[in-house]
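Residue-level listing of the chains:
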Amino acid sequence: METIKVEDIGREIIKPSATTPNDLRTLQFSIMDHFMPPVYTVAFLFYTKDDLISREQTSHKLKTSLSETMTKFYPFAGRINGVTVDCNDEGAVFVDAHVDNCPLSAFLRSPDSETLQQLLPLDAEATPTWPLLLVKATYFQCGGMAIGICISHKLADAASLSTFIQVWAATTRGESDSVAGPEFDATKLFPQANEAFTLPVEDQAGKRKSVTKRFVFVPSKLEELRKRAASADAVPQPTRVQSVTSLIWRCVVAASPDTTLKKVLAQPANLRPKIPSLLSENLIGNLMFSTITLNGKCEVEIVEVVKELRKRAEELAHLIQDEEGSSITIGSKLVGQMMNNYSKLISEPHVPHCVTSWCKLPLYKACFGWGSPIWVAGNVAPALDNVTVLIDSNDGQGIEAWVTLYQEDMSLFEQSTELLAFASLNPSVLI
């Protein structure tokens, strides 16, 4: 594929359409928000041509509806100030761009990570404190378009990003009343953040280069993998995510050249559906907890990993059970467990790998008025080392895995015959 050339043609600051009330001017971070790295949670939404609306009309509708949406998501228009957000209506960044040397269909034949980054609105002016929300609408020569969305991870996990997209899309369609608005109260679960307490920052000097690659598991191969991962005594019917996570973890361990370091698998879990009586689906923030699986071996078996993942899930379920149903009590228990896990990890050298699932998030329902997206991708930006993001394929049955590894590890990982027996490396997006 010819290298695409994305040209920015306009950049605006979009402010909320109504002033944020004085009693909502400060948002307190939870301790989990505070611990998030200074990166953006990002999504890419791709749409085919709509002959009934011009580029100019599309851009105008997106900007107008974004302004209206930010009156509900007012912290996204603010600025981070220590462990709070100053909800000062400073605004979000909106960039218009076009691609004139490549139709969308050609781009989707081989959508690599580096090319995707051109569809994000990040630039040298972005800082960890502002802007907290950036959007880029890129128009292809064929009439198709891509919307790249970035929200500070301090404010939004993947579920929060999805909620924002659904509300924004409904507002663009003129149906804002059809979706529930957001709730900004992450401290109802986790304790408030304290500036005096921080986690060590990784030294970037001499850091090894990482690369991100896309691996696609089609439904038929997923079924084969689930049978391979099943165990009659413990987990007879592993989920799609458990099965893919286990295979990726096995191949990551095999691709790591240093056998002296312990390997650690982290798996963040969205807590909203696990405590529905206390947490609404529209609660914005980092409402998650990472289970930890330690591995001291040079080789791991898929069946055994699935068993461990099920065990960690059961331990989490037990941890969040509380006789009095107090969210504060549950949150304190989770933070305590998190600190215990962290103490274990810093006690001796280890190599972590995080597998996070965006599967079942309704990103493919993001209709702004010109149809549903034909393809969706997601990750964080800048990319974090040793992270895999799992997201539904556009058929709703398969899974796409965006794997980020050190370059030398990836060269071994992407050649794994076991991995490639179930997954394809960056195949064309079928539309």
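Check the entry above for the structure.
Report follows, based on the coordinates. (Residues numbered from 1 in each chain as written. Predicted model: local features only at pLDDT ≥ 70, side-chain atom pairs only at ≥ 80, totals over all residues. Heavy atoms only, no water.)

Some remarks on the sheet that holds strand β11 (residues 288-295)
So, step 1. One open sheet accounts for seven strands, arranged β11-β10-β12-β14-β15-β9-β16; its pairing is mixed. Two strands bound the open sheet, and with one partner strand each, they are β11 and β16 (424-425).
So, step 2. Note that strand β12 (residues 350-357) and strand β14 (residues 387-392) share four bridges and pair parallel. Paired with Cys354 across the strands is Val387, a residue of β14.
So, step 3. Sheet strands touched by helix α7 (residues 240-255): β9 (210-217), β10 (262-270), β11, β12, β14 and β15 (399-406). Its angle to β10, the strand with the most contacts, is close to 155 degrees. (Pairing = 2+ DSSP bridges. Helix = DSSP H or I, 4+ residues; strand = E, 2+ residues; numbered from the N terminus. Contact = heavy atoms within 4.5 Å. Axes fitted to C-alpha atoms, helices over the stretch in contact; angles between N-to-C directions.)

Observations regarding empty space enclosed by the protein
So, step 1. Scanning the model with the defined rule gives one cavity of 30 Å³ or more in all.
So, step 2. If you go around the largest cavity, the residues you meet are Trp249, Val252, Ala255, Ser256, Lys263, Val351, Pro352, His353, Asn386, Leu405 and Asp409.
So, step 3. Those elements giving two or more residues to the lining of the largest cavity turn out to be α7 and β12.
So, step 4. Its residues assigned to classes, the lining of the largest cavity comprises six nonpolar, three polar and two charged. (1 Å grid on protein atoms, 1.4 Å probe; cavity = no way out; pocket = protein on both sides within 12 Å on 5 of 7 lines; lining within 4 Å. Points joined across faces, edges and corners; volume = space filled by probe spheres on them. Nonpolar A, V, L, I, M, F, W, Y, C, P; charged D, E, K, R; others polar.)

Focus: helix α6 (residues 219-229)
So, step 1. Looking at α6, one finds that the buried residues are Leu222, Leu225 and Ala229. Seen along its axis, α6 keeps its buried residues to an arc of 60 degrees; they face one direction. (Buried < 20%, exposed > 50% of the residue type's maximum accessible area, 1.4 Å probe, protein only. Arc of directions from axis to C-beta.)

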